[in-house]
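Descriptive structure summary
In case you want the letters, here they are:
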Amino acid sequence: MLTNKRILLIIGGGIAAFKSLDLIRRLRDQGASVTPVLTKAAEEFVTPLSTSALAAQKVYRDLFDLTDEAEMGHIELSRAADLVVVAPATADLMAKMAHGHANDLASTLLMATDKRVLIAPAMNVRMWEHPATQRNLAVLRGDGVLVAGPDEGNMACGEYGPGRMSEVPDIIAAIDAALGDGPLKGRHVIVTSGPTHEPIDPVRYIANRSSGAQGAALAAALRDLGARVSFVTGPAKVPPPAGVDVIRVETAAQMAEAVAAAHPAEAAIFAAAVADWRVENASGSKMKKDASGNAPALEFTENPDILAGVAQMAAGRPKLVVGFAAETDDVVANASAKRARKGCDWIVANDVSPETGIMGGPENRIVLITDDGAEEWPRLPKDDVARRLAQRVAEALGAN
Ligand code: CTP
């Protein structure tokens, strides 16, 4: 519930603006109050009258509206909220935010606020994938802006791909998480998840059977305790949770880069099943069968060990570094040796022998290895393992 939470909702000018009217209703159903702000372009998609009727509040539209200034200046308006939400966040609004423009009411409020900002981007897939938008996104993330979505799917413009504004319940989950008062409020945690894909050529790759379920559950559990989660995920089968900052990667090298860019963090948890090797002689074009029937010889080279790199950082090491160990034999002995070798604080060890059904399955049975020894947990759904682990992380980092 969002009882008595105050949301300043900036509606940008995109076709998804119609969903923001529903967002206002749902937020109010949850007990929040919504102060709406429309950009000029947004007024082309939704009317000020319907917006203010649904919010049961005045709608703010113009920076130089003297009546507004007499009632409440833009500085106060930007700060009288618990959270600023931009939905839909258009490519233009994101660009303005990233570059610090303040030439209309929405951009001025975003510059003046001292509150957290959550954006729900929505735009055509090409605009979303454009390097300029991706650059702006990286800048905004670096500034601590929270990002919900966008989703992938059919778009109003007839194209398919990422760019569709997240569904209202997902935006509300992200708002809930941003306003959470849990023990990890204000703490930044990096979580890696999923498999990595190591290319052989442009159409083939080497992968593993990780579904990304445990990593996604862990990210959601940390979010629910109030953490700001940077979720660095390989191509997983399980979708990333709402309310976390999702950074999608393919290869181990990209994962290492994304983790490096996400620092500083108070904790880093490495749930990804990173490929140990990549193909050194990967081909830039599709490999063809040769007439003599000879199979190609793949040469492998070791990938960077992301966990060990962070665990052994000379400066700025997260207070808590947690690795996972997927083993099939001598689980505790192998995992304890791995903990010592990599230099991490904890290892979450599990037996991934096929008969356990753990890899890719709904449950997990872990042994938590810390300075105090090995702790065997009962077999539990991955969500429950995640909640217990998140709780332990919160205890290790100390309450706020
Ligand atoms: N890991 C990582 N980067 C790698 C390989 C592994 O960050 N290049 C992390 C995983 O996310 C996991 C932990 O290291 O948290 C253990 O991974 P695992 O593959 O079990 O360990 P390895 O060091 O590869 O050892 P093994 O010889 O058992 O494969």
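Residues numbered from 1 in each chain as written. Predicted model: local features only at pLDDT ≥ 70, side-chain atom pairs only at ≥ 80, totals over all residues. Heavy atoms only, no water.

Here we look at the environment of Leu93
- By the element assignment, Leu93 lies in helix 5 (residues 91-99).
- With 117 residues separating them in the primary sequence, Leu93 and Ser210 have C-alpha atoms 37 Å apart.
- Sequence-distant contacts of Leu93, that is, excluding residues within four places in its chain, are made with Gly12, Thr39, Val86, Pro88, Ala106 and Leu110. (Helix = DSSP H or I, 4+ residues; strand = E, 2+ residues; numbered from the N terminus. Contact = heavy atoms within 4.5 Å.)

Overview of the side chain of Asn136
- Within the secondary structure layout, Asn136 lies in helix 8 (residues 131-142).
- Within the local environment of Asn136, its side chain forms a polar contact with the side chain of His99, the two groups lying 3.1 Å apart.
- Leaving out residues up to four positions away in the same chain, Asn136 has contacts with Met94, Ala95, Ala98 and His99. (Polar contact = N/O pair within 3.5 Å; in protein donor to acceptor, adjacent residues only side chain to side chain.)

Quick word on the pattern of salt bridges
- Applying the stated criterion to the full structure yields 20 salt bridges.
- Here Arg187 ties to Glu266 by a salt bridge, and the two come within 3.6 Å at their closest N and O atoms. In this pair, Arg187 is assigned in the loop between helix 9 (168-179) and strand 8 (188-193) and Glu266 in the loop between helix 11 (252-262) and strand 13 (267-270), connecting sequence segments 79 residues apart.
- Look at Arg187 and you get buried, because its relative accessible area is 10%.
- In this structure, the salt-bridge partner of Arg365 is Glu376, at a minimum N-O distance of 3.2 Å. With Arg365 in the loop between strand 18 (363-364) and strand 19 (366-370) and Glu376 in strand 20 (residues 373-376), this pair connects stretches of sequence that are 11 residues apart.
- Among the charged side chains, a salt-bridge network with shared partners connects Lys19, Arg164 and Glu167. (Salt bridge = Lys/Arg side-chain N within 4 Å of Asp/Glu carboxyl O. Buried < 20%, exposed > 50% of the residue type's maximum accessible area, 1.4 Å probe, protein only.)

Some points on the environment of Leu140
- On the secondary structure map, Leu140 appears in helix 8.
- A residue is classified by how much of its surface remains accessible, and Leu140, at 1% relative accessible area, is buried.
- Residues Leu140 and Thr3, spaced 137 residues apart in sequence, show a C-alpha to C-alpha distance of 28 Å.
- The residues touching Leu140, leaving out its near neighbours within four places in the chain, are Met94, Met97, Ala98, Ile119 and Val145.

Some thoughts on the packing of aromatic side chains
- Tallied over the entire structure, the rule returns zero aromatic pairs.
- Stacked on the ring of Tyr60, the Lys or Arg Lys58 has its end atom at 5.7 Å from the ring centre.
- Lying over the aromatic face of Trp377, Arg388 brings its terminal NZ or CZ to 4.6 Å of the ring centre. (Phe/Tyr/Trp six-rings, centres within 6.5 Å; stacked < 30°, edge-to-face > 60°. Lys NZ or Arg CZ within 6 Å of the ring centre and 35° of its normal.)

Re empty space enclosed by the protein
- Under the definition given, this model contains two cavities of 30 Å³ or more.
- The space that makes up the largest cavity amounts to roughly 70 Å³.
- Lining the largest cavity, in full, are Arg116, Leu146, Ala174, Ala177, Ala178, Ala227, Arg228, Val229, Gly243, Val244 and Asp245.
- The leading source of residues in the lining of the largest cavity is helix 9, at three residues.
- The residue makeup of the lining of the largest cavity, split by class, is seven nonpolar, one polar and three charged. (1 Å grid on protein atoms, 1.4 Å probe; cavity = no way out; pocket = protein on both sides within 12 Å on 5 of 7 lines; lining within 4 Å. Points joined across faces, edges and corners; volume = space filled by probe spheres on them. Nonpolar A, V, L, I, M, F, W, Y, C, P; charged D, E, K, R; others polar.)

Re the layout of surface pockets
- A volume near 1100 Å³ is recorded for the largest pocket.
- Looking at the largest pocket, it is lined by 38 residues, and the ones nearest its centre are Arg141, Asp245, Val246, Ile247 and Arg248.
- Counting only elements with at least two residues in the lining of the largest pocket, the list comes to helix 7 (125-129), helix 8, strand 6 (151-154), strand 11 (228-233), strand 12 (245-248) and helix 11.
- Looking at the lining of the largest pocket residue by residue, the classes come out as 19 nonpolar, 10 polar and nine charged.
- By volume, the second largest pocket amounts to about 940 Å³.

Considering the site of the ligand
- In the vicinity of the ligand there are 13 residues, among which Phe270, Ala272, Asp276, Lys338 and Lys342 approach most closely.
- One nitrogen or oxygen atom from the side chain of Lys342 is found 2.7 Å from an oxygen atom belonging to the ligand.
- For the ligand, whose unbound accessible area comes to 570 Å², protein coverage reaches 78%.
- Judged by the fraction of its atoms near the pocket grid, the ligand is located in the second largest pocket.
- Every element with two or more residues in the shell around the ligand is listed here: helix 12 (306-311), strand 16 (320-327) and helix 13 (331-342).
- Of all the elements, strand 16 adds the most residues to the shell around the ligand, at three residues.
- For the shell around the ligand, a count of residues per class yields eight nonpolar, one polar and four charged. (Near = heavy atom within 4 Å. Areas by Shrake-Rupley, 256 points an atom, 1.4 Å probe, with all protein chains shown as cover. Sits in = over half its atoms within 2 Å of the grid points.)

So, helix 2 (residues 48-55)
- Among the residues of helix 2, Pro48, Thr51, Ser52 and Ala55 are the ones counted as buried. The buried residues of helix 2 occupy an angular sector of 90° when the element is viewed end-on, so they sit on one face. Of the residues in helix 2, the exposed ones pointing more than 90 degrees away from the buried face are Leu49 and Ala53.
- One or two residues past the end of helix 2 sits Ala56, with phi positive at roughly 55°. (Arc of directions from axis to C-beta.)

Details of the sheet that holds strand 16
- On the basis of which strands lie adjacent, the open sheet formed by eight strands has the order 12-11-8-13-16-17-19-20 and mixed pairing. Two strands bound the open sheet, and with one partner strand each, they are strand 12 and strand 20. Sheet twist, expressed as the mean angle between neighbouring strand axes with direction ignored, is 15°.
- For strand 19 and strand 20, the ladder comprises four bridges, and the chain directions are antiparallel. Each residue of the ladder has a partner; that of Val367, found in strand 20, is Glu376.
- Strands strand 16, strand 17 (346-351), strand 19 and strand 20 of the sheet are contacted by helix 13, whose axis makes an angle of about 150° with strand 17. (Pairing = 2+ DSSP bridges. Axes fitted to C-alpha atoms, helices over the stretch in contact; angles between N-to-C directions.)

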